[in-house]
Structures are given as structure tokens and as C-alpha cells.
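# Chain and residue survey
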Amino acid sequence: MKTVVITGGSQGIGLEFVRQYLERGFHVFAASRNAQRTEGLHQLRKAHADRLSAHALDVRDEQSRRDFHEAISTQMTSLDLLINNAGIISGNEESPLPFGALEQQGLAKVFLVNAIAPLMLTECLFSLLCKGVDPVIVNITSDNGSIARNHQRGKFGYSASKAALNMITKILSLELRDQGIKVVALHPGWVKTPMTQHEAAPLDPQESVRGMIRVIESLDTRDSGSFLDWKGERIPW
Ligand SMILES: NC(=O)c1ccc[n+]([C@@H]2O[C@H](COP(=O)([O-])OP(=O)(O)OC[C@H]3O[C@@H](n4cnc5c(N)ncnc54)[C@H](OP(=O)(O)O)[C@@H]3O)[C@@H](O)[C@H]2O)c1
């Protein structure tokens, strides 16, 4: 049975990845700080208790990542797909702070969750990925991380951390090429989720995730190291 780890699986895009990979017959390991007490995952577990494991994971925390690795290793010997989806828009509780009111701690937190943690979790799960069948790592990025396309003020932490994640994706693709592991950065589109809370967002999670899974399934070796959107179109760095 194919295996997938999805971080930030408790809501929004991550929860929809969980749902759609269950439909495709995967054993799904959903992880986030609240994964074990989230209604959406609870409902899915009722129908798929044998193939859905929900784990508490704070991607920022080294011990939490180690505990997660240890816990899933008792349930699987190989990992086929890692989706680094967990992300935050701001290190402060509200929306990103504007220039003139920036806070170092908040910016550092965004970088830790959005860019550093996906790299560290990938390293932590590397040995499982090496044993996977045609293994793929998907880093959920944003078109806000495209330097070429950015014409927006503000969102320093979010946009810069996603640009950093894009570079990490590129380097990882080179680093892991010899092991046959593909690595891509995927932009989900503008999607209605708790993060965006925006009625104007044109996509619902179902459509975005359906598109991203299509892209993931059609990747070939030459796509590794690419920055793509949910329809498979290349985004300029
Ligand atoms: N929605 C959009 O339009 C859009 C556009 C471009 C890119 N994206 C990207 O898509 C991804 C998912 O976004 P979303 O809209 O679904 O966001 P969301 O609704 O806010 O969900 C974010 C998820 O990340 C988890 N998370 C946050 N901090 C975490 C931590 N320290 N450790 C583990 N899990 C953590 C949250 O779970 P817990 O609170 O349980 O930890 C939650 O499940 C993000 O990377 C985001 O940047 C979204």
C-alpha cells in the first residue's frame, strides 16, 4: 500500500489532501499540532481507521519531529510521498505586520515554519523516503514566493519564506537526485481556507487539491526542482 505524510493535515488544503489520498487507497499519516483533536480528521477516521493515522507534530520543534519519525516508523517501513504543507502567513496572531511595525520574532517564526521546518522534516524522514516506490517530496509554496512576479508591498515574512522554500526545493532536488527522489514546489492557487478567510478566493480546496494530485502523478524526473502551480504550469522564480 502506498504511503503519504501530510503536514498541516488538520484543516484547509492539508485536510483535503488527506481526504483525496484516502480515496486513492493510500495509508495517510496526517500531522499537525492539532491533528489528534480535529473534527475533520475525526470524521475521516471513522470511515478509514485502518488507513488514517493522525499524529501530533509541531514542525518547528526538533524533538517533535523525532517523535513523529519514531511513531510512524512503527507503522510503515517506507514512505512514497511527503507533502510539506504546514504553513503560516504571519508569526503574530493577526495578519502580517506592515513596514514600520515589523517584529523580528514574528518574522523568524514564519521562516522557521515555512522554510526551515520542511527541510528539517525531509532530512528526518529521508531514510523512509529512500525505501519508497518512486518517492516524491512536495513543498507547498506560494506564488507570493516568486520574486519575478511579486508586485505587492508587505507580507515580508510570508513571501520571503516561500522564496526560501523554493530555493530549498531546488537544492534538495539536486541533493536527492541520486536516490531517485523527485522534489517540487507547488503553488495551490488562491484557495478558500481558514488561512485566507477570503470570500473572493476563487478556488475551493477540492479543486485545488485535485489539480495538485494530477500534477504530482504526472511528474517525471526532469520536473524535479521545478516551481509549478496546481494546473502544472511553470511559475517564474
Ligand atoms: N490558501 C491559499 O490560498 C494558499 C495560497 C498559496 C499557498 N498556500 C499554502 O498552502 C499551505 C496550506 O495552507 P491553508 O490555506 O490550508 O492554511 P491553513 O488553513 O491555515 O492550514 C495550515 C495548516 O498548517 C498547520 N500548522 C501550522 N503551524 C504548524 C506547526 N508549527 N506544526 C505543524 N503544523 C502546523 C495547521 O495545523 P495546526 O494548527 O493543527 O498545527 C494547519 O493544518 C500553506 O503552506 C500555505 O502557505 C495557501
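Residues numbered from 1 in each chain as written. Predicted model: local features only at pLDDT ≥ 70, side-chain atom pairs only at ≥ 80, totals over all residues. Heavy atoms only, no water.

## Comments concerning the packing of helix 1 (residues 12–23) against helix 7 (residues 205–217)
Applied cut-off: Angles shown run from 0 to 180 degrees and are taken between the N-to-C directions of axes, each axis being a line fitted to C-alpha atoms and, for helices, limited to the stretch in contact. Under the scheme used here, helices are H or I runs from DSSP no shorter than 4 residues and strands are E runs no shorter than 2 residues, and both carry numbers assigned from the N terminus. These descriptions rest on fixed angle ranges, namely under 35 degrees for roughly parallel, over 145 for roughly antiparallel, 65 to 115 for roughly perpendicular, and the rest for oblique. The hand of a helix crossing depends on one turn: near helix anticlockwise from the far one by less than a right angle means left-handed, and clockwise means right-handed. Residue contacts are defined here by distance: any two heavy atoms, one from each residue, within 4.5 Å place the two residues in contact. We call Asp, Glu, Lys and Arg charged. Ala, Val, Leu, Ile, Met, Phe, Trp, Tyr, Cys and Pro are nonpolar, and the rest, Gly among them, are polar.
At a closest axis distance of 9 Å, the pairing of helix 1 and helix 7 adopts a crossing angle of 60 degrees. Classified by the angle between their axes, helix 1 and helix 7 sit oblique to one another. The handedness of the crossing between helix 1 and helix 7 comes out as right-handed. Listed contacts from helix 7 to Gly12, Ile13, Glu16, Phe17, Gln20 and Tyr21 of helix 1 are Pro205, Gln206, Val209, Arg210, Met212, Ile213 and Ile216. Class assignment of the residues belonging to the contact of helix 1 with helix 7 gives a composition of eight nonpolar, three polar and two charged.

## Focus: the environment of isoleucine 181
Condition: Per-residue accessibility, obtained with a 1.4 Å probe over protein chains only, is compared with the maximum for each type, and a residue is labelled buried under 20%, exposed over 50%, and partly exposed between these values.
Within the secondary structure, isoleucine 181 sits in the loop between helix 6 (156–175) and strand 6 (182–187). Relative accessible area serves as the criterion here: at 2%, isoleucine 181 is assigned to the buried category. Setting aside residues no more than four positions away along its own chain, isoleucine 181 makes contact with Phe126, Leu129, Cys130, Pro135, Ile137, Leu176 and Ser224.

## As for the nonpolar core
Put simply, the rule is: Residues grouped as a nonpolar core are buried Ala, Val, Leu, Ile, Met, Phe, Trp, Tyr and Cys residues, joined through side-chain atoms within 4.5 Å.
Phe17 and Tyr21 are the most contacted members of the largest nonpolar core, which totals 33 residues. Not counting residues within four places of it along the chain, the set of residues in contact with tyrosine 21 comprises Val4, Ile6, Phe26, Val28, Arg51, Leu81, Ile83, Ile213 and Ile216. If you look at the next biggest cluster of nonpolar residues, it comprises 26 residues, including Met76, Leu82, Ile88 and Val113.

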